[in-house]
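Here are the chains, one letter per residue:
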Amino acid sequence: AVLAIGLVACGGGSQSSTTETDPSLDAKVETKTMRAGIGLNDQHPQYKGLLKFKEIVEEKTEGAIKVETYHSGQLGDDRTMIEGLQLGSQEITIPSTAVIANFVPEFAVFDIPFLFPNEEVADAVLGGEVGEGLLDKLAAQNLVGLGYWENGFRDLTNSVRPVATAEDFRGLKIRTMENQLHLEAFRALGANPTPMAFTELFAAMQQKTVDGQENPYSTIYLQKYFEVQEYVSNTHHIYSPWTFLVSKPFFDGLTPEQQEIVTEAAYAAGAYQREMNREAGAEYLANLQEEGMIFTEITPEARQEMVDLVQPVIEKFTDQIGRETVEAVFDAVAEAQK
Ligand code: KDG
């Protein structure tokens with residue numbers, strides 16, 4: 001059957017609904033399009049997770065919802081994409097919680113350095129009452145949060161020297177995410193941090209505007225940072241979650257069935273993405289070494305020194321994040337380790 005496609009009159013930046021009329025059925029099927037954008041490239045488990053989301057949603061809605069995927073910041077940097085969701089010019093993005101903290105301050109609780117000792121604890125806290133409770137706070141920002149995906153433990157790279165101890169951070173120009181707590185934590189470690197959008201990072205390292213950056217091994221390898229960075233250390237200073245964000249005005253316009261399909265797909269694709277991330281995790285570091293990067297192990301003593309140095313920063317930010325949220329997260333971390 002040939003479909004006659006007519007664009008439904010739509011205002012503002014929202015051009016995501018079309019009405020398709022199938023004359024043979026004499027029925028009107030409204031097709032909605034979700035534009036999903038991420039900062040990472042199409043090799044990354046995040047993009048593969050997004051493709052899984054697309055597959056589930058398009059199959060379960062029998063094509064009534066289409067998902068268009070954009071990688072490598074094609075729709076803008078993380079902050080711009082979140083604003084796009086609020087304005088209705090884009091429907092999905094999956095940013096690091098560190099960037100979301102600029103919209104909902106409580107999200108900065110995940111920026112507390114050395115908060116999660118391992119991925120299992122992160123799963124328990126994020127998937128539990130505390131993590132889900134934080135997602136509810138997004139509504140006030142015109143956003144809907146459909147669970148957490150995994151960026152992972154962040155590790156330091158640079159082009160100046162091997163970093164084994166806090167002393168080695170001294171004076172290094174480190175790009176951080178646009179997040180106040182990260183900035184101050186790196187200052188406390190003695191580094192000279194600069195906040196910058198992810199989309200500008202590769203060029204900044206290439207042009208030596210910054211000496212280094214911190215991201216999980218997956219990103220360091222798949223974004224080819226080994227081409228512009230020489231040293232990598234397993235600082236593991238922060239476990240970085242992603243939040244699957246949907247534009248609230250768009251989500252509210254879906255039928256209850258469609259809302260359920262989109263929600264379940266976001267969680268299912270998140271589980272798939274997390275598994276893929278972890279399976280490949282160990283390989284990425286070996287790959288980086290094969291590409292010539294020099295790996296430095298952080299000893300437990302050296303890491304403890306870093307923990308001590310950032311302690312005053314955690315205290316300083318506790319009121320800004322919300323004491324209740326900070327305490328709830330620390331309690332949930334303790335509970336998960338029992
Ligand atoms: O797609 C999400 C990425 O843009 C983000 O996670 C990158 O962690 C990131 C960073 O360092 O900005």
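This structure is a prediction, so every number in the text was calculated from the model and none was measured.

Helix and strand counts for the chain come out as 12 helices and 11 strands. Relative to its length of 338 residues, the chain is compact, with a C-alpha radius of gyration of 21 Å against a globular reference of 20 Å. Summarising its shape, the C-alpha atoms of the chain cover approximately 70 × 45 × 35 Å along the three principal directions. Counting every position in the chain, which comprises 338 residues, the buried fraction comes to 54%.

We now examine the environment of Lys66. Relative to the helices and strands, Lys66 resides in strand S4 (residues 65-70). Taking the C-alpha atoms as reference, Lys66 lies 49 Å from Asp168; in sequence the two are 102 residues apart.

Before going further, it helps to examine empty space enclosed by the protein. Considering all chains together, one arrives at three cavities of 30 Å³ or more under this definition. Its boundaries defined by the atoms lining it, the largest cavity holds a volume of some 150 Å³. Every residue lining the largest cavity is counted, 15 residues in all, and those nearest its centre are Asp78, Ser96, Asn151, Phe198 and Trp242. Among the residues making up the lining of the largest cavity, the classes are represented as six nonpolar, six polar and three charged. Computed from the structure, the second largest cavity encloses a volume of approximately 70 Å³. Taken together, Asp77, Asp78, Arg79, Val99, Arg175, Met177, Glu178, Met196, Ala197 and Phe198 make up the lining of the second largest cavity. Here the lining of the second largest cavity is composed, by residue class, of five nonpolar, no polar and five charged.

Close to the ligand lie 13 residues, the nearest being Gly39, Gln46, Arg154, Arg175 and Trp242. With respect to the ligand, the side chain of Asn215 contributes an N or O atom lying 3.1 Å from an oxygen atom. Spatially, the ligand is embedded in the largest cavity. Tallied by class, residues from the shell around the ligand come to six nonpolar, four polar and three charged.

Quantified by volume, the largest pocket comes out at close to 290 Å³. Mapped by element, the contributors of at least two residues to the lining of the largest pocket are strand S6 (143-158), helix H8 (217-222) and helix H10 (256-290). Residues of the lining of the largest pocket, tallied by class, amount to five nonpolar, six polar and four charged.

Its place among the elements puts Glu178 in the loop between strand S7 (173-176) and helix H6 (180-188). Considered as a pair, Glu178 and Arg79 are 99 residues apart in the sequence and their alpha carbons are 8.8 Å apart. Sequence-distant contacts of Glu178, that is, excluding residues within four places in its chain, are made with Ala98, Asn102, Pro195, Met196 and Ala197.

Turning to the pattern of salt bridges, a few remarks are in order. With the rule as written, the count across this model stands at 13 salt bridges. Notably, a salt bridge pairs Lys54 with Glu58, separated by 3.1 Å at the nearest N-O pair. Remark: Glu58 and Lys54 occur in helix H1 (residues 45-60); sequence separation between them is four residues, near one turn of the helix. The class for Glu58 is partly exposed, based on a relative accessible area of 25%. For Glu214, the salt bridge identified is with Arg154, shortest N-O distance 2.7 Å.

Here the focus is the confidence of the model for the chain. The predicted model of the chain averages 92 in pLDDT, with 91% of residues at 70 or higher. Below a pLDDT of 50 lies the segment residues 1-15, which in the model reaches 26 contacts outside its immediate sequence neighbourhood of four places, other chains included.

Bringing unusual backbone geometry into the picture now. Although it is not a glycine, Phe114 adopts a positive phi angle of roughly 55 degrees. For Phe114, the position within the fold is in the loop between helix H3 (97-100) and helix H4 (119-127).

This part takes up the nonpolar core. In this structure, Phe53, Phe244 and Val246 are the most contacted members of the largest nonpolar core, which totals 44 residues. Element by element, the count of residues in this core is highest for H10, at eight residues. Discounting residues that sit within four places of it in the chain, Phe244 has contacts with Phe53, Ile92, Thr93, Ile94, Val144, Gly145, Leu146, Gly147, Trp149 and Ala266. Among the nonpolar cores identified, the runner-up in size contains 36 residues, and Phe110, Leu135, Tyr239 and Ile314 belong to it.

Let us now look at the packing of H4 against helix H12 (residues 323-336). One way to put it is that H4 packs onto H12 with a least axis distance of 9 Å and a crossing angle of 130 degrees. What the angle tells us is that H4 and H12 run oblique. As H4 packs across H12, the resulting crossing turns out to be right-handed. Here Val121, Ala124 and Val125 of H4 come into contact with H12, specifically with Ala332, Val333 and Ala336. Classifying every residue of the contact of H4 with H12 by side-chain character gives six nonpolar, no polar and no charged.

Conventions used here
- Residues numbered from 1 in each chain as written.
- Predicted model: local features only at pLDDT ≥ 70, side-chain atom pairs only at ≥ 80, totals over all residues.
- Heavy atoms only, no water.
- Helix = DSSP H or I, 4+ residues; strand = E, 2+ residues; numbered from the N terminus.
- Rg over C-alpha atoms; globule rule 2.2 N^0.38 Å.
- Buried < 20%, exposed > 50% of the residue type's maximum accessible area, 1.4 Å probe, protein only.
- 1 Å grid on protein atoms, 1.4 Å probe; cavity = no way out; pocket = protein on both sides within 12 Å on 5 of 7 lines; lining within 4 Å.
- Points joined across faces, edges and corners; volume = space filled by probe spheres on them.
- Nonpolar A, V, L, I, M, F, W, Y, C, P; charged D, E, K, R; others polar.
- Near = heavy atom within 4 Å.
- Polar contact = N/O pair within 3.5 Å; in protein donor to acceptor, adjacent residues only side chain to side chain.
- Sits in = over half its atoms within 2 Å of the grid points.
- Contact = heavy atoms within 4.5 Å.
- Salt bridge = Lys/Arg side-chain N within 4 Å of Asp/Glu carboxyl O.
- pLDDT = per-residue confidence, 0-100.
- Core = buried A, V, L, I, M, F, W, Y, C linked by side-chain atoms within 4.5 Å.
- Axes fitted to C-alpha atoms, helices over the stretch in contact; angles between N-to-C directions.
- Parallel < 35°, antiparallel > 145°, perpendicular 65-115°, else oblique.
- Left-handed = near helix turned anticlockwise from the far one by under 90°.

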